[in-house]
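Chain residues, written in single-letter form:
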Amino acid sequence: MRKIFASTFLGLLAALAAYAMPSIASAGTEHNLTGYAWSSNIGWISLNCTNDNTCAASDYGVNRNADGTLTGYAWSSAIGWIQFGGLSGFPTGSGTSAVNAQMSGSNVIGWVKAIAADGQGWDGWISLSGTNYSVTLSSLSFAGYAWGGTNVGWISFSCSNDNSCGTSNYGVVLNGDATLDVQSGGSSIVNQSAVPYGTIPTFIWTLTNLPSGTSCTVSKTSTGGTSFTTVSGITTSGNTTGNALTNATYTYQIQCVNGANTLLTHQVSFTVAPQPPGFDIGSSDSVGIQVLNSGSADSQQKNVFVNTVGGFSNPVTISITGFPTPPASTTFSYSLNGGTTFSANPTPVTISSPYSAGAGFKMRVTRVSGAPAFTNNYTVTLSGTSSGYPTATKNIILVPSAFNPAFQEF
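What counts, and at which threshold
Along each chain, the written sequence defines residue order, and numbers are assigned to residues from 1. Totals for whole chains, interfaces and linings use every residue, but because this is a predicted model, local features are given only for residues with pLDDT of at least 70 and side-chain atom pairs only at 80 or more, for both listing and counting. Hydrogens and water molecules were not included; the side-chain quantities draw on all heavy atoms of the structure. In this analysis, the protein atoms alone were mapped onto a 1 Å grid. Cavities are point sets where a 1.4 Å probe fits without being able to get out; pockets are open sets with protein on both sides within 12 Å along at least five of seven lines; lining residues have an atom within 4 Å of a point. Grid points are joined across faces, edges and corners, and a volume is the space filled by probe spheres set on the points. Classes in brief: Ala, Val, Leu, Ile, Met, Phe, Trp, Tyr, Cys and Pro nonpolar; Asp, Glu, Lys and Arg charged; the others, Gly included, polar. When DSSP finds at least two bridges between two strands, those strands are taken to pair. Helical segments are the DSSP runs of H or I of at least four residues, strand segments are the runs of E of at least two, and each set is numbered from the N terminus. Whenever a nitrogen or oxygen atom comes within 3.5 Å of another N or O atom, the pair is scored as a polar contact, on the condition that within protein one atom can donate a hydrogen and the other can accept it, and that pairs from neighbouring residues in sequence are kept only if both atoms are in side chains. The criterion used for residue contact is that any of the two residues' heavy atoms lie within 4.5 Å. Nonpolar cores are built from buried Ala, Val, Leu, Ile, Met, Phe, Trp, Tyr and Cys residues. Side-chain atoms within 4.5 Å join them into one set. Buried means the residue's accessible area, taken with a 1.4 Å probe over protein chains only, is under 20% of the maximum for its type, while exposed means over 50%, and partly exposed covers the values in between. The definition used for a disulfide is geometric: two cysteine sulfur atoms within 2.5 Å. Every residue gets a pLDDT, meaning the predictor's confidence in that residue, from 0 to 100. Basic side-chain nitrogens of Lys or Arg form a salt bridge, by our definition, when they fall within 4 Å of a carboxyl oxygen of Asp or Glu.

S.K.: Explain empty space enclosed by the protein residue by residue, including any values.
M.R.: Across all of its chains, the model carries three cavities of 30 Å³ or more by this definition. When grouped by side-chain class, the residues that make up the lining of the largest cavity number eleven nonpolar, no polar and no charged. A volume near 50 Å³ is recorded for the second largest cavity. Lining the second largest cavity are Leu 33, Leu 70, Phe 84, Val 108, Leu 128, Val 135, Phe 142 and Phe 157.

Encoded structure:
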């Protein structure tokens, strides 16, 4: 980190004493970044006038906005005002992003500029991320380095970067924050472009150091795809589980308000891939049967079809894989071919997909005279298998109704 000053740069420094601060809409305590960054070339950079109690004379600061952008002004006694936001004509550099300063997840990307550098033989640009360096945000504290070229050099956002904490406890912090993450299987899916179809998301929000009386809301802001039930009135960290995701690009946000003021909004996005080729054999279904005091009775017939997606056309073998235990003195048998042959474990039926006529499923109940009343529902599980694809299941529920014939003379 060498200190390099060209003659034109020395002229810039001399001119800064009379350089007036640009007009700022809000600053000081209205900005949520505070603290100091450090450059061995130019010294301290203040992110908020509350650092040195100068707000009455020079009201400045940098703010992280609801959309993740960083706007406002920082101050250096060496190079003057450093502008965040409202810039254009960005330079190029290895690994840099040609955008105004903004959050991208926990990373800070883009450019800021020492505006007094114009016309002084120096472009004033400062990059917040590039190849092998970046500024990051974690637990309300910024860390890492920005790069300001040979005049400014490396800008450290935390004493942890150079192991100077304890001797020089400097750093840039965010005053209060709320974060939102979307996970599957314990891993974040935020910013992913091919989340698997059918993923069941877990939404996790974390509130840190927010003022008393703050309330937050988690909602879905994008259209299309799987719906989401807004969670409001959040005052502590927590989570909720959503429904299986269909193909769409999703954006969710956490927004926190205190009275009439919106404190922060944080958004996360990801894209769910189209449903891959596959099949299912429907959801749960029921069959009715009138159960006599003795003898046998057959259930209604249910036709089991293979529903295909994504061009799936393989044959599917349907088998009965889950058998209920019948009540005392009662036996169950089954038919999968829609005919009159019943057995305790019928031969599987192969259905060609698509456009199959399906497999006819029936149950037979045989009871011994005087057996206990048969009133419970019983579930049979059917499974569909096809090479290279996950097994699909369907539950068939036997719903009995008692029928006791009576004879009367007229």
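S.K.: How would you explain the sheet that holds strand E15 (residues 177-184) if you had to name every residue and give the values?
M.R.: Taken in spatial order, the four strands of this open sheet run E16-E15-E17-E20, and their pairing is antiparallel. Taken across any chain shown, the strands that pair with only one partner, and hence form the sheet edges, are strand E16 (187-188) and strand E20 (238-241). Looking at chain direction, strand E17 (residues 202-208) and E20 are connected through four bridges and run antiparallel. Bridge pairing links Trp 205 to Gly 238 in E20.

S.K.: An account of the side chain of Gln 253 is needed here, citing residue identities and associated values.
M.R.: Positionally, Gln 253 belongs in strand E21 (residues 248-258). Looking at Gln 253, its side chain comes within polar contact range of the side chain of Gln 267, at 3.1 Å. Dropping the residues within four chain positions of it, Gln 253 is found in contact with Leu 180, Thr 217, Val 218, Ser 219, Thr 221, Thr 265, His 266 and Gln 267.

S.K.: So what's going on with unusual backbone geometry? Residues and values would help.
M.R.: Residues other than glycine predominantly adopt negative phi, and peptide bonds predominantly adopt the trans conformation. Look at Asn 132: it is not a glycine, yet its phi comes out positive at around 70°. Relative to the elements of secondary structure, Asn 132 occurs in the loop between strand E10 (129-130) and strand E11 (133-138). The backbone phi angle of Asn 163 is positive, close to 55°, even though this residue is not glycine. Along the polypeptide, Asn 163 turns up in the loop between strand E13 (154-156) and strand E14 (172-174).

S.K.: So, the nonpolar core: which residues are in play, and what are the values?
M.R.: What tends to happen in soluble globular proteins is that the nonpolar side chains get buried as a cluster. Ranked by size, the top nonpolar core spans 31 residues in total, and within it Phe 84, Phe 142 and Phe 157 carry the most contacts. Within the residue set of this core, elements represented by two or more residues are strand E1 (33-39), strand E4 (70-76), strand E5 (80-84), strand E8 (111-114), E11, strand E12 (141-147) and E14. Those residues in contact with Phe 84 that lie beyond four places of it in its chain are Leu 47, Val 62, Leu 70, Thr 71, Gly 72, Ala 74, Ala 101 and Val 112. Among the nonpolar cores identified, the runner-up in size contains 28 residues, and Phe 312, Ile 320, Phe 361 and Leu 382 belong to it.

S.K.: Before we move on, could you go through the layout of surface pockets and cite the residues and values that matter?
M.R.: A probe as big as a water molecule, rolled over the atoms, marks out the empty space that is left. Of the volumes computed, that of the largest pocket is approximately 550 Å³. Arg 64, Gly 105, Ser 106, His 266 and Gln 267 are the residues nearest the centre of the largest pocket, which is lined by 27 residues in total. Residue assignment for the lining of the largest pocket shows that the elements contributing at least two residues are strand E6 (102-104), E11, E15, E17 and strand E22 (261-272). Looking at the lining of the largest pocket residue by residue, the class counts come to eight nonpolar, 15 polar and four charged.

S.K.: Break down the state of the cysteines for me, with residues and values.
M.R.: All told, the structure shown has three disulfides when counted by the stated rule. Covalent S-S linkage joins Cys 159 and Cys 165, the inter-sulfur distance amounting to 1.8 Å. Handedness here is read from the sign of the S-S torsion; for Cys 159 and Cys 165, about 95°, the answer is right-handed. For Cys 159, a relative accessible area of 7% corresponds to the buried category. Given the relative accessible area of 41%, Cys 165 is considered partly exposed. Disulfide partner of Cys 216: Cys 256, at an S-S distance of 2.0 Å. Across the disulfide from Cys 216 to Cys 256, rotation about the S-S bond amounts to roughly 105°, and the bridge is consequently right-handed. Within this pair, whereas Cys 216 is found in strand E18 (residues 215-220), its partner Cys 256 is found in strand E21, the two being separated by 40 residues in sequence. Judged on exposure class, the residue Cys 216 and its partner Cys 256 are both buried. Cysteine pairing for the protein chain, with bonded cysteines counted in sequence order: 1-2, 3-4, 5-6.

S.K.: Requested: an account of the confidence of the model for the protein chain, with residues and values cited.
M.R.: Here the protein chain shows a mean pLDDT of 87. Residues at 70 or above account for 89%. Below a pLDDT of 50 lies the segment residues 1-27, which in the model reaches 53 contacts outside its immediate sequence neighbourhood of four places, other chains included.

S.K.: Quick one: what's the story with the environment of Gln 301, residue by residue and with numbers?
M.R.: In this fold, Gln 301 is placed in the loop between strand E25 (295-298) and strand E26 (302-304). Distance in space between the C-alpha atoms of Gln 301 and Ser 286 is 9.7 Å, their sequence separation being 15 residues. The residues contacting Gln 301, other than those within four sequence positions of it, are Gly 338, Gly 360, Phe 361 and Lys 362. At a separation of 3.0 Å, a polar atom in the side chain of Gln 301 contacts the side chain of Asn 303.

S.K.: Which residues make up the pattern of salt bridges, and what values do they have?
M.R.: Any two side chains of opposite charge can pair if their charged atoms end up close together. Applying the stated rule across the entire model yields two salt bridges. Among the salt bridges present, the one from Asp 285 reaches Lys 302, with a minimum N-O distance of 3.9 Å. You can see Asp 285 sitting in strand E24 (residues 285-291) and its partner Lys 302 sitting in strand E26, a full 17 residues away along the chain. Of the residues examined, Lys 302 reaches a relative accessible area of 24% and is grouped as partly exposed. The residue Asp 298 makes a salt bridge to Arg 364 at a minimum N-O spacing of 2.6 Å. Within this pair, whereas Asp 298 is found in strand E25, its partner Arg 364 is found in strand E31 (residues 359-367), the two being separated by 66 residues in sequence.

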